[in-house]
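# Examination of the molecular architecture
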Amino acid sequence: MKRALIFRGGWSGHEPVQTSDLVAGELRKRGMEVEIFDQQECLLQPELETKYDLILPVWTMGTLIPEGSAALRKAVLNGVGLAGWHGGMYDAFRQDTEYQFMTGGQWVAHPGNVIDYRVEITGHDPIVDGIGDFDMHSEQYYMQVDPGNEVPAVTRFNGAVCPWIDGTVMPVVWKRRYGKGKVFYSSLGHVAEDFRRSPQSLEIMVRGALWAAR
């Protein structure tokens, strides 16, 4: 049985407890053991690299303790998977550029805040196969993204709020490597209700996490 670690906290508006409980529940249904911590010191476990196959940060903004940042990056470099969603992984630890290099991007804006938008599936990938395009009522994330990411789903900005980004195609889901580790991200999941309202978003997150696990 594979084992995952979730560490959660930071800004409460992203519902780190409720969203991570939902994702953890789905991972457990699919045979993964999940441990959840409400602090960062869990990253300092001496057996971090050997005990876990997957780490999920759910910590919007905030500051990652230096020892925790180093331990997390070392674990992923050596093969532990990394996966996350929305601001819990990509609007996290804004001053930690080495963390951003590992994760493959950084949130910068969500024009219009909570709006209606479309998620488009762009190709064949086990993470999105059989799901098809779908609608979201949530924050449409505008991000700075590593060009080396593999992107199986995107969204298009219509310029209603910021005319200069009209037509911009933005990744919604991506995969990448960091050393020996696999990294997965989905920008979907602002709050727990997003996962309930658009179950495709939860399915993509769970599939991506399973893919990333060592």
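Please read all numbers here as calculations on a predicted model, not as lab measurements. (Residues numbered from 1 in each chain as written. Predicted model: local features only at pLDDT ≥ 70, side-chain atom pairs only at ≥ 80, totals over all residues. Heavy atoms only, no water.)

## Regarding the overall build of the chain
- On a plain count of helices and strands, the chain comes out with seven helices and 11 strands.
- Computed over the C-alpha atoms, the radius of gyration of the chain is 16 Å, within 12% of the 17 Å expected from 2.2 N^0.38 for a compact globule of 214 residues.
- Projecting the C-alpha coordinates of the chain onto the three principal axes gives extents of approximately 50 × 35 × 30 Å.
- Here the contacts in the chain between residues at least 6 apart in sequence split such that 72% fall between residues at least 24 apart.
- Summed over all atoms, the accessible surface of the chain reaches about 9,000 Å², with 52% contributed by carbon and sulfur. (Helix = DSSP H or I, 4+ residues; strand = E, 2+ residues; numbered from the N terminus. Rg over C-alpha atoms; globule rule 2.2 N^0.38 Å. Contact = heavy atoms within 4.5 Å. Areas by Shrake-Rupley, 256 points an atom, 1.4 Å probe, with all protein chains shown as cover.)

## A word on the sheet that holds strand β4 (residues 81-85)
- Overall, mixed pairing links the nine strands, which are arranged β2-β1-β3-β4-β11-β10-β9-β6-β7 in an open sheet. On the outer flanks of this sheet lie β2 (33-37) and β7 (134-139), each paired with one strand and no other. In this sheet, adjacent strand axes meet at a mean angle of 25° when their direction is disregarded.
- Where strand β1 (residues 3-10) meets β2, five bridges bridge the pair, whose relative direction is parallel. Counted as the bridge partner of A4 is V34 from β2.
- Lying on the sheet, helix α7 (residues 199-212) is in contact with β3 (54-60), β4, β7, β10 (169-178) and β11 (181-186); it crosses β11 at an angle near 170°. (Pairing = 2+ DSSP bridges. Axes fitted to C-alpha atoms, helices over the stretch in contact; angles between N-to-C directions.)

## A look at the environment of M102
- Along the polypeptide, M102 turns up in helix α5 (residues 97-103).
- Judged by relative accessible area, M102 falls into the buried class, the value being 0%.
- With 80 residues separating them along the chain, M102 and K182 place their C-alpha atoms 10.0 Å apart.
- Ignoring anything within four residues of it in the chain, the contact list for M102 reads L72, R73, V76, L82, R176, Y178 and V183. (Buried < 20%, exposed > 50% of the residue type's maximum accessible area, 1.4 Å probe, protein only.)

## Description of the environment of M143
- Turning to its location among the elements, M143 is positioned in strand β8 (residues 142-145).
- In this structure the C-alpha to C-alpha distance between M143 and G105, which are 38 residues apart in sequence, comes to 6.7 Å.

## Things to note about the pairing of β10
- Among the 10 residues that make up β10, eight are buried, leaving the element largely enclosed by the rest of the structure.
- Here strand β9 (residues 150-156) pairs with β10 via five bridges, running antiparallel. Its bridge partner being in β10, E150 is matched across the sheet by K175.
- Here six bridges tie β10 to β11, and the two strands are oriented antiparallel to one another. In the sheet register, W174 faces β11, and the bridge partner there is Y185.
- In this antiparallel pair of consecutive strands, β10 and β11, the connection spans two residues, and G179 shows a positive phi of 60°.

## Looking at the pattern of salt bridges
- Within this structure, the stated rule accounts for 18 salt bridges.
- The salt bridge partner of K51 is E35, with a shortest N-O separation of 3.6 Å. Of the two residues, K51 sits in helix α2 (residues 48-51) while E35 sits in strand β2, which places them 16 residues apart along the sequence.
- For K51, a relative accessible area of 24% corresponds to the partly exposed category. (Salt bridge = Lys/Arg side-chain N within 4 Å of Asp/Glu carboxyl O.)

## Section: the packing of aromatic side chains
- Under the counting rule described, the total for this entry stands at nine aromatic pairs.
- When the centroid spacing of 4.9 Å and the interplanar angle of 90° are considered together, the rings of Y90 and W174 count as edge-to-face. Here W174 lies in strand β10 and Y90 lies in helix α4 (residues 86-90), a separation of 84 residues in the sequence.
- On the basis of relative accessibility, which here comes to 0%, the residue W174 falls in the buried class.
- A ring pair is formed by F93 and Y99, whose centres lie 5.1 Å apart and whose planes are at 80°; its orientation type is edge-to-face. Both residues of the pair, F93 and Y99, count as buried.
- Taking NZ or CZ as reference, K182 lies 5.1 Å from the ring centre of W211, over its face. (Phe/Tyr/Trp six-rings, centres within 6.5 Å; stacked < 30°, edge-to-face > 60°. Lys NZ or Arg CZ within 6 Å of the ring centre and 35° of its normal.)

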